[in-house]
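# Breakdown of the fold
The primary structure of each chain is shown beneath.
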Amino acid sequence: MHGYQLQTFLTKFKSERTARYSKQMEFEFAIESLQVECLKSKVVVIKPIRASLFLVQGLFSQLERLKILNLVRDPRPTIISQKIYINDFDSVSDYAANLCFRISNDISMSNLLTVLYPSSIVRIRYEIFTTKPVDTSKNLYQLLNLTFTKGIQYVIWKKTSSGISGEGPLNPVKGNSAKNGQ
């Protein structure tokens, strides 16, 4: 209990535990701050990745002003980009079949939800969005009853069509979104 290695380990463990606790508190504070800001907002946008519309359909009964923007993309670029992570052909084939099955189910559910909630769901093709980002965004603003200003139009143009790209994989500025949609 009094050895040097054990004491070193305990000291390190306690300091790391304190750091983790501190980071957890910072994270919880950040989440609370975001919740406060969200509740003040006129519009709250949530971008779930690969959320099944089958799961989302139940939200319509709980959120009367809910709008869903169903972004649909040709699955081939996704399959091609995922091939580098999958080793054998059968696995790629299984991945492609699963992806296409999920997309097909979402399109069917989107069709049903469009009948049930005609002004609450819009399907957007990714390829159209990337080739016409300003026009598509203008339509989305209209759907959400928001004002589409020249300033907003400029920001969208700058981030998608200006030819100036940001640095890094997570940077949202892609100088030419039309190239990304192909």
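The paragraphs below set out a description of the structure included in this document. Computed from a prediction, not measured in an experiment: that's the story for all the values here.

This next bit is on the overall build of the chain. Secondary structure assignment for the chain yields 8 helices and 2 strands. Helices and strands appear in the chain in the N-to-C order α-α-β-α-α-β-α-α-α-α. Looking at the chain as a whole, 21% of its 182 residues qualify as buried. The long-range fraction of contacts in the chain, counting pairs at least 24 apart against all pairs at least 6 apart in sequence, stands at 48%. Within the structure as shown, the chain displays about 14,300 Å² of accessible surface, and the carbon and sulfur contribution to it stands at 60%.

This next bit is on helix 6 (residues 133-143). Residues of helix 6 that are buried: P133, V134, T136, S137, L140 and L143. Directly beyond the C-terminal end of helix 6, a positive phi value near 55 degrees is found at N145.

Next up on the list: the side chain of S110. Counting through the fold element by element, S110 comes out in helix 4 (residues 89-116). S110 gets classed as buried once you look at its relative accessible area, which sits at 1%. Reaching out from S110, the side chain makes a polar contact with the side chain of N70 at a distance of 3.5 Å. The residues contacting S110, other than those within four sequence positions of it, are L53, N70, I121 and R123.

Calculation rules
Residues numbered from 1 in each chain as written. Predicted model: local features only at pLDDT ≥ 70, side-chain atom pairs only at ≥ 80, totals over all residues. Heavy atoms only, no water. Helix = DSSP H or I, 4+ residues; strand = E, 2+ residues; numbered from the N terminus. Buried < 20%, exposed > 50% of the residue type's maximum accessible area, 1.4 Å probe, protein only. Contact = heavy atoms within 4.5 Å. Areas by Shrake-Rupley, 256 points an atom, 1.4 Å probe, with all protein chains shown as cover. Polar contact = N/O pair within 3.5 Å; in protein donor to acceptor, adjacent residues only side chain to side chain.

In short, the description is geometric, and any link to function would need to be established separately.
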